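Below, each chain spelled out in residue letters.
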Amino acid sequence: MKKHFKLFLSLTISCVILSGCGETPVENIHEHVYDNPTYVWSDDFSICTATRVCVENNTHKEIETVNSVYTVISSPTCDSNGSGVYTATFVNPAFKKQTYEVTIETAPHEYGEISYTWSSDYSTCTAKRICNNNSSHIETETADSSYKVISPATMDSEGLGRYTAQFKNAAFEQQNHDIVLEKLYYGNYPQISLDGNTLTYGLYPQNNVNDETLLSSLNELSATESNGYYLYNDVYYAKLTAKPNDPQEKFDNGNSIVEGETYWFKCEPITWNILSKNNDEYYLLSSVLIDNHCYTSEYDRLLDGYYIPNNDFEYSDIRSWLNNEFFNSAFALNNSYIQLVTVDTPRAPEPADFTEQFHQSTQNKVYLPSYYDYLNTSYNFPDSTEPTIIRCCKTTDWTRANGAFSWSTEDEYKNCGSYLTRSPYTNHNSFVYEVDVNGGLYETRSLKANLGVRPAITIKLS
Ligand SMILES: [Zn+2]
Ligand SMILES: [Zn+2]
């Protein structure tokens, strides 16, 4: 009891000191009459201060400061705000419990992994991410890509091309898609020789393969590539069942070409002699007799009731073969340099009277030079039809195995063959001009089966 009394006294004295009531403090002790309490929150609502003031003497105050307790009422989502409440509870029963509600701003979407999807041609890339809180919250953006060659392919190594997609949304990262650029195969684009006289372009079976290990590997191959050739260790090969013109025909290595045997040949770049050059356009003539093919295979063909001469170039089998089969295999890897050219085909040596049904102008990707081309001195041919080594041309292993005639003497004419021009012979509908094995220009039967083919093309290097 004594202790409580002391406490009371101390409070009373304290009140007196606070009041500063002057000379007669004892008379001023009164029953306090308090106004309504006021409550003041700190800025961060962590503290609330309650105050009440005595109406008799405003220096008489009751003040209590407490820490608040924070409680979440509802959590925010990506769609809607949440709320929380600060609660201040006082010891002094005169002070009521205080609450202050606050808004909790919407929560950011909780996106999952970003998926990036390229279109099949890599022209666009689509980025997409989905909110874990609500799968209908989707962010997506489709960006157009740009393409750049990082390192070009060469004949020795593959190249690298890169598609790049950049997004406006900063959440999405730049995407790259790399593609391998196929090694340039020797022959799939024109290459001028160091001396500037020849050019290699296109690919055609030429030399016979006689390496036993390679042959056994080749014999395992069953499927051809789109160009009709077999691919083995990055090299193309073709096979052929031999039908030599003569049992004496041999490969370059001296082995006999046996009728009915199947042989393998390596596909090699075709070497072309540059006959003329006009800016970036080149008129090219094969440096070898690339294959064996007749000018026309059958007599007495009719078109719309009209007889087609056997030596008509437009409807010739050789023209069809050059522009279809040969073109599609030799230039399968890249035919973009080949020009479609219009060539005139006058009868040789002079235009004759009977020109009806005869077509003088044709459009070709691959064609045969005319009789006149082989007499053209600007192409470095002599202007005489007499034999000359300059017009002599050698057959390949492939060409001989496929039935072309070739010269067998052990001299400069060895393996040379006869070959076709596109020019019809004036005086007979079944005759055309050929360059003979000795380089002379003569008429020959258009149905002759053992003539070599020496194709010409016009290409544009740009
Ligand atoms: Zn008072
Ligand atoms: Zn969301």
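Residues numbered from 1 in each chain as written. Chains lettered and ligands numbered in written order. Predicted model: local features only at pLDDT ≥ 70, side-chain atom pairs only at ≥ 80, totals over all residues.

Undergrad: Got a minute to help me understand the environment of Ile150 in this structure?
TA: The topology assignment puts Ile150 in strand 9 (residues 138-151). Of the residues examined, Ile150 has 12 C-beta atoms within 10 Å and is grouped as exposed. As a C-alpha pair, Ile150 and Asp178 span 28 residues in sequence and 9.1 Å in three-dimensional space. When near neighbours in sequence (up to four residues on either side) are disregarded, Ile150 contacts Leu160, Gly161 and Arg162. (Helix = DSSP H or I, 4+ residues; strand = E, 2+ residues; numbered from the N terminus. Buried ≥ 20, exposed ≤ 12 C-beta atoms within 10 Å, placed from the backbone. Contact = placed C-beta atoms within 7 Å.)

Undergrad: Any chance you could explain the pairing of strand 30 (residues 456-460) here in plain terms?
TA: The two faces of a sheet get side chains in turn, since along a regular strand they alternate between them. Counted residue by residue, strand 30 has four buried out of five residues, so it is predominantly covered. Here strand 23 (residues 366-367) runs beside strand 30; their pairing, made up of two bridges, is antiparallel. Note on strand 30: the bridge partner recorded for Tyr367 is Ala456. (Pairing = 2+ DSSP bridges.)

Undergrad: Would you mind going over the sheet that holds strand 10 (residues 159-165) with me for this structure?
TA: The pairing of strands in a sheet happens through backbone hydrogen bonds and is either parallel or antiparallel. One open sheet holds the five strands; their spatial order is 7-8-9-10-11, and the pairing between them is antiparallel. Where the open sheet ends on each side, the last strands, each with one partner, are strand 7 (115-118) and strand 11 (175-181). Averaged over all neighbouring strand pairs, the angle between strand axes comes to 25°, with direction disregarded. Note that strand 10 and strand 11 share seven bridges and pair antiparallel. Bridge pairing in strand 11 places Tyr163 opposite His177. (Axes fitted to C-alpha atoms, helices over the stretch in contact; angles between N-to-C directions.)

Undergrad: Got a minute to help me understand the confidence of the model for the protein in this structure?
TA: Low-confidence regions, as indicated by low pLDDT, have predicted coordinates that should not be scrutinised in detail. When pLDDT is averaged across the protein, the result is 88; 90% of the residues are at 70 or more. Low pLDDT, under 50, characterises residues 1-27; the predicted model gives this stretch 12 contacts beyond four residues in sequence or across chains. (pLDDT = per-residue confidence, 0-100.)

Undergrad: Help me out: how do you make sense of the domain arrangement of the protein in this one?
TA: By a frequent convention, interface size equals the accessible area lost on bringing the separate parts together. Domain annotation of the protein identifies domain 1 (30-104), domain 2 (115-181) and domain 3 (191-460). Computed from C-alpha atoms alone, the centre-to-centre distance between domain 1 and domain 3 is 105 Å. (Domains from an automatic or database assignment.)

Undergrad: Just checking my understanding: could you explain the nonpolar core for this structure?
TA: What tends to happen in soluble globular proteins is that the nonpolar side chains get buried as a cluster. Counting residues in hydrophobic clusters, the biggest one holds 61 residues, and the most contacted among them are Leu284 and Leu420. The residues contacting Leu284, other than those within four sequence positions of it, are Leu199, Trp272, Asn273, Ile274, Leu275, Ala456, Ile457 and Ile459. (Core = buried A, V, L, I, M, F, W, Y, C linked by C-beta atoms within 7 Å.)

Undergrad: Sorry, what's going on with the sheet that holds strand 3 (residues 61-67) here?
TA: In space, the three strands of this open sheet follow the order 1-2-3, with antiparallel pairing throughout. The sheet terminates laterally at strand 1 (38-41) and strand 3, the two strands that pair on one side only. Looking at each pair of strands side by side, their axes are set apart by 15° on average, direction ignored.

Undergrad: Would you take a moment to explain helix 4 (residues 317-330) for this structure?
TA: Each α-helix turn comprises 3.6 residues. Residues three or four places apart therefore point the same way. Taken together, the buried positions of helix 4 are occupied by Ile318, Arg319, Leu322, Phe326, Ser329 and Ala330. The elements touched by buried residues of helix 4 are strand 13 (198-208), strand 16 (262-278), strand 22 (361-364), strand 23, strand 26 (419-424) and strand 29 (452-453).

Undergrad: Would you mind showing me how to read unusual backbone geometry here?
TA: Note on backbone geometry: most residues besides glycine have negative phi, and most peptide bonds are trans. The backbone phi angle of Tyr122 is positive, close to 60°, even though this residue is not glycine. Judged by the 16 C-beta atoms lying within 10 Å of it, Tyr122 falls in the partly exposed class.

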